[in-house]
Amino acid sequence: MIKKSLYSTLHRSIITLFSGFILVTILINVYLSYNGFLEDKEKIQTEILNTKKSLMKNEIDFFVSDIDSSRKKFKEQTNKEIKKRVEIAYNIAQNLYKTHQKDPNIQSIIIESLRELKFYNIGDQYVFMTKMDGTFLLNSGLKHLEGKNVFELTTKSNKESIHAIINMLKKEKQGFFDYKWQNHHTLEFEQKISYFKYFEPFDCYIGTGVFASDIEEKLKTNFLEKINGFKFGENLQNYIFSASYEGISYTKPAIGQNVYNTTDTHGVKVVQELIKVAKKGGGFVSYTVPMGKDKTLEKVSYVVGIEPWQLYIGFGETLKDINKTVQETKEKLLDELYRDIVTILSLGILFLVLFYILLKNIRVSVSTDTNNLINSIEKLVTNNKKIPLHNIKFLEFEQISKQTNQLLKNKLEVENNLKDKEALLYQQSKMAAMGELLENIAHQWRQPLSLITVSSTGIQAKKQYGQLDDKFLDESLENINENAEYLSSTIDDFRNFFVTSVTKEYFKIDKIIDKTLSLIHLRDKKEEVTVIKQMESIEVNNFKNQLLQVLLVILNNAYDALEEGTDTKLLFIEVFKTDTLVTITIKDNAGGIQSKYKEKIFEPYFTTKHKTKGTGIGLYMANEVIMKQLQGNLTVTNEIYTYKKNEYKGAKFIITFPA
């Protein structure tokens, strides 16, 4: 009977199986890619529309957020301006008095010289003069009040304001004052900011001021001029639109027109809808715009109200532009699908060819080695018991079986040798486990890398919007440098984990805790965690970097737990010393550790987190460092405590080591 060759049988079987595997893999990948394409195709329009909406909102919010800072700067500029105007008026009066003080009409000369001194850059600023007893000498806005005493004319609140102004001038001789006064245009009492300066020759004060309404109107005018000149987009076709709550348009193309009753092609009063949404805090409005005979254009706009000015501003995109983007994205996605299919097929064929070549080479090598083995065994074996060969299917096994009996005689010797080999294998396994442990420790880099990313993207974002200042840049670069240095030092620290020759050094524990907190202070801002520290300044001689690593592991775990905790996020750190021990406690208010996990949290690879957030190696390593290198102890318990009359529950980690 002719026996089959094992190599030939395996060769054909493996080629068949691998070819089938490659084919099935290609088909599955093509199927998944196509299904993914179909799913993505349906999501594209929604995602692009949402993206466009987000961009619209960001554009409008940027303009609105700039109003408050502009208001502050404008008020500061206005204060400087009115002070400058008063100084001009005061100098005129002073010079006239010096040159004409003997003239009996000197007071009238000065008053009439200042009467026509008006400033029109903001509102209608005129100069006024009032004696320290409250008598009006000059009031161009309300001329009929000149010669009359303010305390006999105005309301109680205004009398109090004049008293306050006079008292201020008696002490300071000059200064700003914020009060209510009658607007000579509207005759209404409005908030006003003025600057006064005492003029000794007439025992009076000279002043001028600006009504808050005039400042606000100027600010509004500047704002509308800004948005009227702002265009953006690929062809500068996009613009900001604005109108009052009464429907008067402040921007092109309908500037100055009343568009309150404007309707779209479906009869919807678009402007009234925009006003309604703006008054509610802002939002999106969809409508259809007529574009000539039998043509319309669908549009969606984001609008927000500015209540102090009783107007709204908005920005819109046409669905035509959005649909064009959708179509371009779909075409790009389809091209990517075709490329993926071609790539998968090409790689499959390439792997199949390479595998065939590799298998052929392996067959030659194995066949040669087997023949050599058989020849060697035949030379060594002299008296062997034959094995029945009629049940053996493969030629190679038939040849090897002829030598089996001799191999049985060496069983005990082989077993003895195996014991030595097993001991060696155990040691090698242990070393391999240590290597894997060091690899897993590399995951400790994730947090510093995340902080570096946050700092760098923060710099980019502030630079993009022109908000980058030196202080923020310096702080961000300092954080990046600290975390980069930490990344460089961490792996060396853990490489020395099982080495007992790491050098001890003197350091203060509170400085190490502050350094640890500084490495994660960006996260502190993000999570809004309140850190309460009660630390003695204690100096010890121990392994500084190892203690820092332990603190970083525990603090990061505390922050992770606080992410799922209450709105009030608390972290307590306490350091104290007894006669022989230093104790560090770290306590949070995240609810504590479940009782079923408390006994396992220091075991390697045990974690309650998702695999993307933890490997379970951190607390195990922390415990090992404390016990083996710091010669201390690490324990954890749940604690219920009261802070600021509120009761909280959280995990409490306790680190102790020799003082």
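The structure reproduced in this document is the subject of the present report. None of the values given here were measured: they were computed from a predicted structure. In this convention, every chain numbers its residues from 1, walking through the sequence in written order. In keeping with the model being predicted, local features are shown solely for residues with a pLDDT of at least 70 and side-chain atom pairs are shown and tallied solely at 80 or more, while totals for entire chains, interfaces and linings include all residues. Processing note: side-chain calculations cover all non-hydrogen atoms of the structure and skip hydrogens and water entirely.

Here we come to the side chain of Glu216. Runs of H or I in DSSP of at least four residues are treated as helices and runs of E of at least two as strands, each being numbered from the N terminus. Mapped onto the secondary structure, Glu216 falls in helix H4 (residues 212–228). The contact rule is simple, with two residues in contact once any of their heavy atoms fall within 4.5 Å. Beyond its immediate sequence surroundings of up to four residues, Glu216 is in contact with Arg71, Pro308 and Trp309.

Any Phe, Tyr or Trp ring, taking Trp's six-membered ring, that has another such ring centre within 6.5 Å forms a pair; planes under 30 degrees apart are called stacked, those over 60 apart edge-to-face, and the others tilted. What the rule picks out here adds up to 19 aromatic pairs. Taken together, a centroid distance of 6.0 Å and an interplanar angle of 40° make the contact between Phe177 and Tyr179 tilted. For every residue, the accessible area (1.4 Å probe, protein chains only) is compared with the maximum for its type, and the residue is labelled buried under 20%, exposed over 50%, or partly exposed between those bounds. By relative accessible area, which is 19% here, Phe177 ends up buried. A centroid spacing of 5.4 Å and a plane angle of 55° characterise the contact between Phe223 and Trp309, whose relative ring orientation is tilted. Of this pair, Phe223 sits in helix H4 while Trp309 sits in the loop between strand E12 (296–306) and strand E13 (311–318); the two residues are 86 residues apart in sequence, bridging distant segments of the chain. Residue Trp309 is classed as buried on the basis of its relative accessible area, which comes to 6%. Grouped by ring-pair contacts, the aromatic residues Tyr126, Phe128, Phe136, Phe177, Tyr179, Trp181, Phe196 and Tyr205 constitute a single cluster.

Another point: the sheet that holds strand E15 (residues 529–535). Here, strands pair whenever DSSP counts at least two bridges between them. Ordered in space as E15-E17-E18-E20-E19, the five strands form an open sheet in which the pairing is mixed. Of all strands in the sheet, those with a lone pairing partner are E15 and strand E19 (633–643), marking the two edges. Averaged over all neighbouring strand pairs, the angle between strand axes comes to 20°, with direction disregarded. Relative to strand E20 (residues 646–658), E19 is paired through eleven bridges, and the arrangement is antiparallel. In the sheet register, Leu634 faces E20, and the bridge partner there is Ile655. Every angle, taken between N-to-C directions, lies between 0 and 180 degrees, and every axis is a line fitted to C-alpha atoms, over only the stretch in contact when it is a helix. Here helix H16 (residues 618–628) sits on the sheet and contacts E19 and E20; the angle it forms with E19, its principal contact strand, is near 115°.

Once that is clear, we can look at the sheet that holds strand E7 (residues 204–211). If you trace the five strands from one edge of the open sheet to the other, you get E4-E3-E7-E6-E5, paired in antiparallel fashion. Each end of this open sheet is capped by a strand with a single partner; those strands are strand E4 (136–139) and strand E5 (174–182). Along the sheet, successive strands turn relative to each other by an average axial angle of 30°, direction set aside. One ladder, built from three bridges, connects strand E3 (residues 128–131) with E4; its direction is antiparallel. Paired with Thr130 across the strands is Phe136, a residue of E4. Most of the contacts of helix H2 (residues 106–115) go to E4, to which it runs at about 25°, and overall it touches E3, E4, strand E6 (189–199) and E7. Running at roughly 40° to E7, H4 makes contact with E6 and E7 of the sheet.

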